[in-house]
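Letter by letter, the chains look like this.
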Amino acid sequence: MVIAGPCSAETEAQMLDAAFQLKDSNTSIFRAGIWKPRTRPGNFEGVGAIGLKWLQTVKCETGLQTATEVANANHVELALEHDVDVLWIGARTSVNPFMVQELANALAGTDKPILVKNPVNPDLALWLGAVERLHKANIHKLGVIHRGFSTYDKSNYRNKPEWQIPIELQNQFPDLPLFVDPSHIGGRRDLILELCQKALDLNYDGMMIETHPTPEKAWSDAEQQVTPERLKEITGSLIVRDQTAEGEVFNNTLEKYRTQIDSFDDQLLQVIGQRMSIVEEIGFLKKSQNVAVLQNSRWHDILKKMVDQGEKENLSAEFVTKIFQAIHQESINHQERIMNQQ
Ligand code: PEP
Ligand code: MN
């Protein structure tokens with residue numbers, strides 16, 4: 001399912017221009033932000049309630065369903081009054097249980113679909129907590145939107161995807177529709193296609209893509225919006241893959257490879273266990289001579305050597321570093337336990 005439309009409603013003409021161009025695409029829901037949660041004051045903060053009338057015009061003239069963000073009870077009241085079809089809760093709101101509860105109370109019993117964006121910080125419990133507050137208010141048409149997570153350090157992304165978080169959410173709640181918002185993850189229009197494809201490969205149910213008739217002139221999020229033309233190209237070139245396939249050869253081959261993977265996993269754990277028993281011997285030795293658990297230079301030598309070696313095995317430095325940091329932490333825990341044994 002594709003949700004598309006501008007970051008912000010700007011003028012009625014801009015909305016209708018976008019909507020008419022999207023009408024003959026595979027977009028089924030037209031989005032536009034009416035109230036904009038801006039990180040710092042002084043930027044365009046949305047047109048306000050007048051934009052809800054423009055959304056009604058879009059629905060009436062194009063037949064597209066409409067969606068907007070609500071962040072307090074007053075927004076909810078106005079959005080319901082103007083019969084917006086789908087409401088979403090933004091990342092700066094889902095982070096706050098007081099606001100989510102206020103929204104849940106205002107929305108109680110509605111049969112409108114409500115989509116919950118992940119909170120700005122990478123906290124699955126907080127995300128699920130927001131969904132639960134709505135569910136407890138008897139709202140049953142629920143879904144979630146993955147829009148990435150804020151980080152202090154600069155990365156390729158505006159908001160780091162941290163794919164493991166929505167994957168875990170999907171594991172726990174396989175029936176909850178999951179959307180990707182590649183616009184806010186990427187922060188750049190050239191990343192949108194690959195982010196959408198990745199989401200589809202992870203069995204997401206749909207996407208919300210910011211689409212503007214003249215993206216570079218947009219009043220908010222200009223760098224990440226695409227034209228309706230580009231949106232059609234993107235959605236047209238995405239490959240939707242099946243969960244499974246029929247056919248004996250396919251399934252036998254898959255089974256064969258999976259058996260091999262299971263066997264490697266067993267070996268990995270065995271080897272790590274063996275490594276850990278040597279680590280423990282070293283722990284006893286250090287304890288006997290009253291030597292500290294951590295020798296920083298040794299640890300940096302190991303890490304550097306493994307990152308170099310990993311490269312030859314086609315493993316990224318990021319991956320090798322993560323694995324060895326985890327192994328090293330576990331080793332320290334083992335040695336600490338030995339040091340502190342009476
Ligand atoms: C938006 O969808 O325009 C928006 C403000 O998103 P988020 O809440 O993900 O920042
Ligand atoms: Mn935006």
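What this report covers is the structure whose coordinates are included nearby. (Residues numbered from 1 in each chain as written. Chains lettered and ligands numbered in written order. Predicted model: local features only at pLDDT ≥ 70, side-chain atom pairs only at ≥ 80, totals over all residues. Heavy atoms only, no water.)

Quick word on the environment of Asn 333
Right, on to step 1. Mapped onto the elements, Asn 333 comes out in helix α13 (residues 317-340).
Right, on to step 2. Look at Asn 333 and you get partly exposed, because its relative accessible area is 33%.
Right, on to step 3. As a C-alpha pair, Asn 333 and Val 293 span 40 residues in sequence and 9.5 Å in three-dimensional space. (Helix = DSSP H or I, 4+ residues; strand = E, 2+ residues; numbered from the N terminus. Buried < 20%, exposed > 50% of the residue type's maximum accessible area, 1.4 Å probe, protein only.)

Quick word on the nonpolar core
Right, on to step 1. In this structure, Phe 30 and Leu 134 are the most contacted members of the largest nonpolar core, which totals 61 residues.
Right, on to step 2. Looking at this core, the element that brings in the most residues is helix α6 (residues 124-136), giving six residues.
Right, on to step 3. With residues up to four places along the chain from it excluded, the contact list for Leu 134 reads Ile 89, Ala 104, Leu 107, Ile 114, Val 116, Ile 139 and Leu 142.
Right, on to step 4. Judged by nonpolar contacts, the second largest core, of nine residues, contains Ile 3, Ala 67, Trp 88 and Ile 145. (Core = buried A, V, L, I, M, F, W, Y, C linked by side-chain atoms within 4.5 Å. Contact = heavy atoms within 4.5 Å.)

Considering the pattern of salt bridges
For side chains bearing opposite charge, pairing can occur when the charged atoms are close.
Right, on to step 1. According to the stated counting rule, one finds twelve salt bridges in the structure shown.
Right, on to step 2. A salt bridge links Lys 304 to Asp 308; the shortest N-O distance between them is 2.9 Å. Separated by four residues within a single helix, Lys 304 and Asp 308 lie in helix α12 (residues 296-312), roughly one turn from each other.
Right, on to step 3. Judged by its relative accessible area of 54%, Lys 304 falls in the exposed class.
Right, on to step 4. By relative accessible area, which is 37% here, Asp 308 ends up partly exposed.
Right, on to step 5. Here the salt bridges do not stand alone but share partners, grouping Lys 59, Asp 83, Asp 85 and Lys 112 into one network. (Salt bridge = Lys/Arg side-chain N within 4 Å of Asp/Glu carboxyl O.)

Details of the coordination of the manganese ion (ligand 2)
Right, on to step 1. The protein atoms that coordinate the manganese ion (ligand 2) are Cys 7 (SG), His 184 (NE2), Glu 210 (OE) and Asp 221 (OD), at distances spanning 2.1 to 2.4 Å.
Right, on to step 2. In the primary sequence, the donor residues of the manganese ion (ligand 2) line up as C-x176-H-x25-E-x10-D. In this pair, Glu 210 sits in strand β8 (residues 206-210) while Asp 221 sits in the loop between β8 and α10 (228-237), placing the two residues eleven residues apart along the sequence. (Donors = N, O, S within 2.8 Å, 3.2 Å for Na, K, Ca; no water.)

Things to note about the packing of helix α9 (residues 192-201) against α10
Right, on to step 1. At their nearest, the axes of α9 and α10 sit 10 Å apart, and the two run at 35° to each other. You can see that α9 and α10 cross each other, and the crossing is right-handed. Across from Ile 192, Leu 193 and Gln 197 in α9, the residues of α10 making contact are Arg 230, Ile 234 and Ser 237.
Right, on to step 2. The residue inventory of the contact of α9 with α10, partitioned by class, reads three nonpolar, two polar and one charged. (Axes fitted to C-alpha atoms, helices over the stretch in contact; angles between N-to-C directions. Left-handed = near helix turned anticlockwise from the far one by under 90°. Nonpolar A, V, L, I, M, F, W, Y, C, P; charged D, E, K, R; others polar.)

Concerning the sheet that holds strand β4 (residues 86-89)
Right, on to step 1. The sheet built from eight strands closes into a barrel, its strands ordered β1-β2-β3-β4-β5-β6-β7-β8 with parallel pairing. Looking at each pair of strands side by side, their axes are set apart by 30° on average, direction ignored.
Right, on to step 2. Pairing of β4 with strand β5 (residues 114-117) involves three bridges; the strand directions are parallel. Along β5, the bridge assignment pairs Trp 88 with Leu 115. (Pairing = 2+ DSSP bridges.)

Examining the site of ligand 1
Right, on to step 1. In the vicinity of ligand 1 lie 13 residues, with Arg 31, Lys 36, Ala 91, Lys 117 and Arg 147 positioned nearest.
Right, on to step 2. Here an oxygen atom of ligand 1 sits 2.7 Å away from a polar atom, N or O, in the side chain of Arg 31.
Right, on to step 3. Contact between ligand 1 and Glu 210: an oxygen atom at 3.1 Å from a side-chain N or O atom of the residue.
Right, on to step 4. Its free accessible area being 290 Å², ligand 1 has 97% of it covered by the protein chains.
Right, on to step 5. Here the shell around ligand 1 is composed, by residue class, of four nonpolar, two polar and seven charged. (Near = heavy atom within 4 Å. Polar contact = N/O pair within 3.5 Å; in protein donor to acceptor, adjacent residues only side chain to side chain. Areas by Shrake-Rupley, 256 points an atom, 1.4 Å probe, with all protein chains shown as cover.)

Coordinates in, geometry out; function isn't part of it.
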